[in-house]
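As a plain string of letters, each chain reads:
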Number of protein chains: 2
Amino acid sequence: MLCVGLDPDPSRYPDAVAGAPDATERFCRAIIDATADIACAFKPQIAYFASQGDEDALENICTYIREQYPNTTLILDAKRGDIGSTASHYAREAFDRYAAHAVTVNPYMGTDSIEPFFDHPGDGGVILLCRTSNPGGDDFQSLVADGTPVYTHVARRVAEHWSQLGDCGLVVGATYPTELADVRKIVGDLPILVPGVGAQGGSAVTVAEHGASHEGRGLIVNSSRAVLYASNGDDFAEAARAEALRTAADLTC
Amino acid sequence: MLCVGLDPDPSRYPDAVAGAPDATERFCRAIIDATADIACAFKPQIAYFASQGDEDALENICTYIREQYPNTTLILDAKRGDIGSTASHYAREAFDRYAAHAVTVNPYMGTDSIEPFFDHPGDGGVILLCRTSNPGGDDFQSLVADGTPVYTHVARRVAEHWSQLGDCGLVVGATYPTELADVRKIVGDLPILVPGVGAQGGSAVTVAEHGASHEGRGLIVNSSRAVLYASNGDDFAEAARAEALRTAADLTC
């Protein structure tokens, strides 16, 4: 159930890797190796690579995950969203260039911005933002239309339409357990990716209680910074592993 | 008022540049040189570079625009949107790496996903998706909450709050002239970027009638494919110029 988010911020690298020309790759590989037997998924966040101009590192890390840990799901966290002709290029970015199993996508532009991800050769999945973990998620996601919040309209669209087109999941923040339970009721057994555990303050125990499907499954709970930066000493990989084990244990309580 | 969108698709390059190792740069530079005295802005669409693994070309093209045409606005079309810590990395991508004057951003995640763009050093602007030009824009943007569609809530949030934090604009598709007029009423003189003219079927004349502010200003009307691919012969740059002139003339009618 645990997903380890890879948000590599050079200003927080431990001394053991900081300053190396391939510091980002070395840092991410160490975290991956330390947590791969605990995590069901890795989720690199593309912004951290783009801000460094280091897409090559992201390519190498994705290849590493696919080759070394073939049973682990690779989720590209990109939150893309654009009209069809452009979306097909984002699908190539996620599924061809980075070989992701799934990519996060913003639903605001609607059906024809989602379809190109399903039309892309292969069986890449799409994970739609629904109720995000941040405070600003209230601004528009909680507006009430036809008696229910906008995020429930997104959940229904995914459950009733988009999930018929290809593999779909949804993003619902750990910081909103009631909303998580609401979305679970709407989407049945579809996977829900839950960020916001750890650094953002969400509780893994609460998430498991509110978000699991009737079979106790269907959750992918992400922790990024709490795992990555559990220690900035030479023991950073061991500390990451310990934090990942703690979170995974909470999830199975 | 005319913005030329740079959506470089290798499958549509004219023979004069196709196959060259720097085909994307050569194609874009030729279009830029042919239209820079007509356009007020260029808008590279990052997906087309990312799908080719060619961020270097995008960096070079952005540098070229900034150096050769310093009075032209450079808009990075990226439609990013994420929580604060990640959004600050997207701000670096847009404003530091690509030296954009403004970047398009998806509003779905709300205020704290927008603020990092304003907190970034410099005076980079943010252009928020409001009512997009594609059919799927109806799915959620047109849901009615508190008596008005979601996209008007976005417009009000930009007008009343986000535009107090830094330079803001909005995206409203040419394909929805009534909605364009509604948004103009809400946002006063804020700039509106209008895609959907040309290949997507929107009319430049209609856009100017419905979207201009009371001073007849405030519009940036984008045309991408109709200009870029006006001809696939050796005259592609001249044909792009002729199409840009036609669109610009329509806008000033």
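Residues numbered from 1 in each chain as written. Chains lettered and ligands numbered in written order. Predicted model: local features only at pLDDT ≥ 70, side-chain atom pairs only at ≥ 80, totals over all residues. Heavy atoms only, no water.

So, on to the relation of the copies chain A and chain B. The transformation that overlays chain A on chain B combines an axial shift of 0.0 Å with a rotation of 180°, and the residual RMSD is 0.0 Å. Put plainly, the chains are arranged around a two-fold axis. Of the C-alpha atoms belonging to chain A, the one lying closest to the rotation axis is found on Ala145 of chain A, 2.3 Å away. (Least-squares fit on C-alpha atoms with pLDDT ≥ 70 in both.)

With that out of the way, let us pick up the pattern of salt bridges. This structure, assessed with the given rule, holds 26 salt bridges over all chains. Where Lys79 of chain A meets Asp77 of chain A, a salt bridge forms, and the shortest distance between an N and an O atom there is 2.9 Å. Per residue, the accessibility class of Lys79 of chain A equals that of Asp77 of chain A, and both read buried. Residue Glu179 of chain A is joined to Arg131 of chain A by a salt bridge in which the shortest nitrogen-to-oxygen separation is 3.7 Å. Taken together, the residues Glu179 of chain A in helix α8 (residues 177–187) and Arg131 of chain A in strand β5 (residues 125–131) connect sequence positions 48 residues apart. With relative accessibility at 17%, the residue Glu179 of chain A sits in the buried group. Put simply, Lys43, Asp77 and Lys79 of chain A together with Asp82 of chain B are held in one network by salt bridges that share partners. (Salt bridge = Lys/Arg side-chain N within 4 Å of Asp/Glu carboxyl O. Buried < 20%, exposed > 50% of the residue type's maximum accessible area, 1.4 Å probe, protein only. Helix = DSSP H or I, 4+ residues; strand = E, 2+ residues; numbered from the N terminus.)

Residues and elements named next belong to chain B. Burial along strand β2 (residues 41–44) is two-sided: the face carrying Ala41 and Lys43 and the face carrying Phe42 and Pro44 are both buried. Pairing geometry for strand β1 (residues 2–6) and β2, over 4 bridges, is parallel. Paired with Val4 across the bridge in β2 is Phe42. Crossover handedness for the path β1 to helix α1 (residues 23–35) to β2: right-handed. Sheet topology places β2 next to strand β3 (residues 73–80); 2 bridges connect them, and they run parallel. Opposite Phe42, over in β3, you have Leu74 as the bridge partner. (Pairing = 2+ DSSP bridges. Right-handed = clockwise from strand over helix to strand, strands pointing away.)

Attention now moves to helix α3 (residues 55–68) of chain A. Taking 1.5 Å of rise per residue, the 14 residues of α3 of chain A would be expected to cover 20 Å, and the 20 Å separating its terminal C-alpha atoms lies within 8% of that figure. Looking at α3 of chain A, one finds that the buried residues are Glu55, Ala57, Leu58, Ile61, Cys62, Tyr64 and Ile65 of chain A. (Expected span 1.5 Å × (residues − 1).)

Residue and element names in this part refer to chain A. Summarising burial for strand β10 (residues 219–223): 5 of the 5 residues are buried, a large majority. Burial along β10 is two-sided: the face carrying Leu219, Val221 and Ser223 and the face carrying Ile220 and Asn222 are both buried. One ladder, built from 3 bridges, connects strand β1 (residues 2–6) with β10; its direction is parallel. Residue pairing across strands places Leu2 opposite Val221, the latter belonging to β10. Relative to β10, strand β9 (residues 192–194) runs parallel, the two being bridged by 3 bridges. If you follow Ile192 over to β10, its bridge partner there is Leu219.

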